[in-house]
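# Observations on chain architecture
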Amino acid sequence: MTSPRPALAYHHTPGTGPTIVFLPGYASDMTGTKAVALEDWARAHGRAYLRFDYAGCGQSEGSFEEQTLAGWRDDVFEMLDQLVEGPAVLVGSSMGGWLMLLVARDRPDRIAALVGIAPAPDFTDWGFTHDEKMALLQHGRIERPSAYADSPTTYTRILWQSGEANRLLQGEIAIDVPVRILHGMQDKDVPWHHSTRLAELLRSGDVQTVLVKDGDHRLSRDEDIALLIRTVEEVLPR
């Protein structure tokens, strides 16, 4: 028998569906600027909204270094199954954008639309140097200085292997719902041209990519949040 997944912390705001579900980036949590700003907007407009922490992150149970991409994908499945009625609108930031794509491909009946903020599918492939990949395989983990925290960011061999097993950018991505992608052209973590390539590969005909010329990876300025809210409003049923 496989051991149960760690218990997940979440904030669920009831309201009119489809439920908007926020998926944070790597080593991030549900208290980020975008996640909370979307919740405030959803509450003010009577919209159903869910933000949560992946296993090993934020307030959820589990050890961060024991988690994998597939495990975090399964956390999204669990939240959808336990807390969301009907199709959801997934809003994925960075790695959360990779997870939203995997979930939409594998559970199309549960997804109404996708909004990606600098989505980072396949970052285990293009986001590491050859030497870093070798170090992961040999030593099981590496650390990098973080631009967003005082402590370094850890990456593990099991995360990298799980990412390599769930790559999406080799061919057509079988997703047919509306997709909106927001990406800052000053992004130093996920080059913006990855989003134009992603738009090409998505099977859906309803895909739009918005490039923010002076935007960074996080897109957390007031004007970026306003753009995100307008984009989410656009994909919600009238």
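Numbering of residues begins from 1 in every chain and follows the order in which that chain's sequence is written. Under the rules for a predicted model, residues below a pLDDT of 70 receive no local features and side-chain atom pairs below 80 are neither given nor counted, while totals for whole chains, interfaces and linings still include all residues. No hydrogens and no water enter the side-chain calculation; it runs on all heavy atoms of the structure.

A separate point is the overall build of the protein chain. A tally of helices and strands in the protein chain yields eight helices and nine strands. With the principal axes as the frame, the protein chain shows a C-alpha extent of 55 × 40 × 35 Å. Counting all 238 residues of the protein chain, 53% fall into the buried class. Taking the contacts inside the protein chain whose residues are at least 6 apart along the sequence as the reference set, 74% of them involve residues at least 24 apart. As presented, the protein chain carries roughly 10,900 Å² of accessible surface, and 48% of it is formed by carbon and sulfur atoms. For the purpose of charge, His is not counted, nor are the chain termini; Lys and Arg are scored as positive and Asp and Glu as negative. Each charge is placed at NZ for Lys, CZ for Arg, CG for Asp and CD for Glu. For the protein chain, the centre of its 23 positive side-chain charges and the centre of its 34 negative side-chain charges are spaced 3 Å apart. Numbering of helices and strands starts at the N terminus; helices are DSSP runs of H or I of at least 4 residues and strands are runs of E of at least 2. Exposure classes here rest on a 1.4 Å probe applied to the protein chains alone. A residue is buried below 20% of its type maximum, exposed above 50%, and partly exposed in between. We call two residues in contact when some of their heavy atoms are within 4.5 Å. All accessible-area figures derive from a Shrake-Rupley calculation using a 1.4 Å probe, and residue coverage is judged against the displayed protein chains alone.

Judged by how many residues are buried, strand S5 (residues 111–117) sits mostly within the fold: six of seven residues are covered. The rule for pairing is simple: two strands pair if DSSP sees at least two bridges between them. Two strands pair when backbone bridges link them, and strand S4 (residues 88–93) and S5 are joined in this way by six bridges, in the parallel orientation. By the bridge assignment, Gly 92 is partnered in S5 with Gly 116. By convention a crossover is right-handed if, when the strands point away from the viewer, the path from the first strand over the helix to the second runs clockwise. For the crossover that starts at S4, traverses helix H3 (residues 95–106) and ends in the parallel S5, the hand is right-handed.

Moving on, we come to the packing of aromatic side chains. Geometrically, a pair of aromatic rings is defined through the distance of the ring centres and the angle of the planes. Each pair of aromatic rings taken from Phe, Tyr and Trp, with Trp reduced to its six-membered ring, is defined by centres within 6.5 Å and is described as stacked if the planes are under 30 degrees apart, edge-to-face if over 60, and tilted in the remaining cases. If you walk through the whole model with that rule in mind, you get ten aromatic pairs. Considering the side-chain rings of Phe 64 and Trp 72, the 5.8 Å spacing of their centres and the 35° angle between planes classify their relative orientation as tilted. Judged by its relative accessible area of 0%, Trp 72 is buried. A ring pair is formed by Phe 128 and Tyr 155, whose centres lie 5.2 Å apart and whose planes are at 90°; its orientation type is edge-to-face. Placement of the pair is Phe 128 in the loop between helix H4 (123–126) and helix H5 (130–139) and Tyr 155 in strand S7 (residues 153–156), with a sequence separation of 27 residues. Note on Phe 128: relative accessible area 7%, which makes it buried. Within the aromatic cluster, the residues linked to one another by ring pairs are Tyr 26, Phe 52, Tyr 54, Phe 64, Trp 72, Trp 98, Phe 123, Phe 128 and Tyr 155.

On to the nonpolar core, then. In terms of nonpolar packing, the biggest core is built from 50 residues, with Leu 90 and Leu 114 touching the most fellow members. Of all the elements, H3 adds the most residues to this core, at eight residues. Leaving out residues up to four positions away in the same chain, Leu 90 has contacts with Val 21, Leu 23, Leu 80, Met 100, Val 103, Ile 111, Ala 113, Leu 114 and Val 115. Working definition of a nonpolar core: buried Ala, Val, Leu, Ile, Met, Phe, Trp, Tyr and Cys residues. They are joined through side-chain atoms within 4.5 Å. In terms of nonpolar packing, the next biggest core, distinct from the first, is built from 23 residues, Ala 35, Trp 41, Ala 42 and Val 235 among them.

Geometry only, nothing functional implied.
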